[in-house]
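# Structural features, examined
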Amino acid sequence: MRCRKCPKRAVLGMPRHNTAFCGPCLTEFVRTQVQRAIKSQAMFAPEDQILVAVSGGKDSLTLWEILLKLGYRADALYVDLGISGYSERSREKVERFTRDVAESCGAKLTIHTVKEDAGAGIKELANLVKRPTCSTCGTIKRYQFNRVAWENKYDVMATGHNLDDEAARLLGNVLQWQEEYLQKQSPTLPASVAGFSKKVKPLYRMTEREIAAYAIVNRIDYLVEECPMAKGAKMLVYKDALNRLEAESPGTKQRFYWGFLEKQKKAAASSSIAMAHLDQTTLQPCDTCSQPTTAGTCSFCRMMARAKNPTR
Ligand code: AMP
Ligand code: FES
Ligand code: ZN
């Protein structure tokens, strides 16, 4: 198979675009797609300070690398969840990338260690509050991403969610008609109230497979293993179903998710109830930590209170 842009041998076929690329042309293609995502979804401007949440996996390290190569001012945040073995190995990948690539671009890494902050890793915390590990983990990560971005005055918080993640999440939301979640499923969520930072997903145009190929071509050393905790089993089922549809009909994931974004844009334009307005009216400062919440005490503070006093 030959590259469609130059005479070199292709390293990746992309049936959804009916094309194939060699390493350098793939690199150019992916960076162009990310730039297009940033512009078309009004994610951030060249002068903005970005905080990338990095897990040590391919998506987030690739995102950090691309933003730095495109000349953006992007620092990173790693949340050490205290999952024995897995957290040490993922932290090692993040620290190595910081040393080998990011620091020479003037970027820095912040590490938040859950054990130091909460006195226990997420597995023990989940046991204490009697909730599944993954949802405990989700609450902690969302809270810390927002807190660190807000307290350190970053303009925007970026995560490595890709097209596979977003299409699977959309499928789940549609199957259960989660209208409220559907409304908020967007690659750009504005900073609607004080304490709530803007959130973006610049890889939403790229599939998992394309990102993995980019990471290999560009020698990004990432952690291949997945988190050992039962990880949103339903999401894996949705991803698998979408992969089967994609194999039958290339471009399915893209049509599904991008089509949804188009419809969402049209609906927002014709509706008088903008999402920012909704947030402003429903969010208020948490009475314990002051971060925005729809309840009196935010879900993170409620969870921490339960962990300190599990019999309540
Ligand atoms: P996941 O929910 O594991 O699929 O991760 C989605 C995104 O969240 C990743 O692409 C990262 O941007 C971010 N992320 C996940 N885990 C961590 C972590 N431990 N520390 C910082 N960012 C993370
Ligand atoms: Fe959160 Fe595995 S990454 S439970
Ligand atoms: Zn709180």
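Before going into details, it helps to say that this report is about the structure given with it. (Residues numbered from 1 in each chain as written. Chains lettered and ligands numbered in written order. Predicted model: local features only at pLDDT ≥ 70, side-chain atom pairs only at ≥ 80, totals over all residues. Heavy atoms only, no water.)

Take the environment of Met-229 next. By secondary structure assignment, the location of Met-229 is in the loop between helix H9 (208–217) and helix H10 (233–248). A relative accessible area of 13% means that Met-229 is categorised as buried. Between the alpha carbons of Met-229 and Thr-32 there is a distance of 35 Å; along the sequence they are 197 residues apart. Setting aside its immediate chain neighbours within four residues, Met-229 contacts Ile-83, Lys-123 and Thr-133. (Helix = DSSP H or I, 4+ residues; strand = E, 2+ residues; numbered from the N terminus. Buried < 20%, exposed > 50% of the residue type's maximum accessible area, 1.4 Å probe, protein only. Contact = heavy atoms within 4.5 Å.)

This next bit is on the coordination of the zinc ion (ligand 3). Donor atoms from the polypeptide that bind the zinc ion (ligand 3) are Cys-286 (SG), Cys-289 (SG), Cys-298 (SG) and Cys-301 (SG), placed at 2.3 to 2.4 Å. Each of the four donor atoms bound to the zinc ion (ligand 3) contributes to angles spanning 104 to 116 degrees, and the resulting shape is tetrahedral. (Donors = N, O, S within 2.8 Å, 3.2 Å for Na, K, Ca; no water. Tetrahedral: all angles 85-135°; square planar, octahedral: opposite > 155°, others 65-115°.)

Phi is positive for Lys-130, which is not a glycine, with a value near 55 degrees. Along the polypeptide, Lys-130 turns up in the loop between helix H5 (122–129) and helix H6 (133–151). Backbone geometry at Trp-177 places phi at a positive 45 degrees, although glycine is not the residue there. Its place among the elements puts Trp-177 in the loop between helix H7 (163–175) and helix H8 (179–184).

Moving on: the nonpolar core. Soluble globular proteins: nonpolar side chains tend toward being buried together. Of all hydrophobic cores here, the largest spans 57 residues; its most connected members are Phe-44, Ile-50, Trp-64, Leu-67 and Tyr-257. For Phe-44, the residues in contact, after removing those within four places along its chain, are Ile-38, Ile-50, Leu-67, Tyr-72, Val-156, Val-200 and Pro-202. (Core = buried A, V, L, I, M, F, W, Y, C linked by side-chain atoms within 4.5 Å.)

To continue, consider helix H13 (residues 299–308). Each α-helix winds once per 3.6 residues, and so residues spaced three or four apart point in a common direction. Buried residues of H13: Phe-300, Cys-301, Met-303, Met-304 and Ala-307, and no others. Seen from one end, H13 has its buried residues packed into an arc of 160 degrees, which puts them on one side. Those residues of H13 that are buried are in contact with helix H4 (114–118), H5 and H6. (Arc of directions from axis to C-beta.)

Let's shift gears to the pattern of salt bridges. Counted by the stated rule, this structure contains 18 salt bridges. Here Lys-239 makes a salt bridge to Glu-208, at a shortest N to O gap of 3.0 Å. With Lys-239 in helix H10 and Glu-208 in helix H9, this residue pair connects regions lying 31 residues apart in the sequence. The exposure class of Lys-239 is buried, given its relative accessible area of 18%. On the basis of relative accessibility, which here comes to 26%, the residue Glu-208 falls in the partly exposed class. Residues participating in the shared-partner salt-bridge network are Glu-92, Lys-93, Arg-96 and Asp-221. (Salt bridge = Lys/Arg side-chain N within 4 Å of Asp/Glu carboxyl O.)

Taken together, six strands build an open sheet; the order of strands is S5-S4-S3-S6-S8-S7 and the sheet is mixed. Looking at the sheet topology across the chains shown, the edges are occupied by strand S5 (109–113) and strand S7 (188–189). Against the sheet, H6 touches strand S3 (49–53), strand S4 (73–80), S5, strand S6 (156–158) and strand S8 (198–200), its axis set at about 140 degrees to S4. (Pairing = 2+ DSSP bridges. Axes fitted to C-alpha atoms, helices over the stretch in contact; angles between N-to-C directions.)

Glancing now at the packing of aromatic side chains. A complete count under the given rule lists six aromatic pairs for this structure. Look at Tyr-143 and Phe-300: their rings are 3.7 Å apart centre to centre, the planes differ by 10 degrees, and that puts the pair in the stacked class. Placement of Tyr-143 in helix H6 and of Phe-300 in helix H13 is noted, with a sequence separation of 157 residues between them. With a relative accessible area of 11%, Tyr-143 lands in the buried category. Here Tyr-204 and Tyr-257 contribute two aromatic rings whose centre-to-centre distance is 6.2 Å and whose plane-to-plane angle is 75 degrees, an arrangement assigned as edge-to-face. Of the two residues, Tyr-204 is situated in the loop between S8 and H9 and Tyr-257 in helix H11 (residues 252–270); the sequence distance between them amounts to 53 residues. By relative accessible area, Tyr-204 is classed as buried at 2%. Every member of this aromatic cluster is reached through a ring pair, and the members are Tyr-204, Tyr-257 and Phe-260. In this structure, Lys-199 is placed above the aromatic ring of Phe-196, and the distance from its NZ or CZ to the ring centre is 4.1 Å. For Arg-205, the ring lying beneath its charged end belongs to Trp-258, and the centroid distance is 4.2 Å. (Phe/Tyr/Trp six-rings, centres within 6.5 Å; stacked < 30°, edge-to-face > 60°. Lys NZ or Arg CZ within 6 Å of the ring centre and 35° of its normal.)

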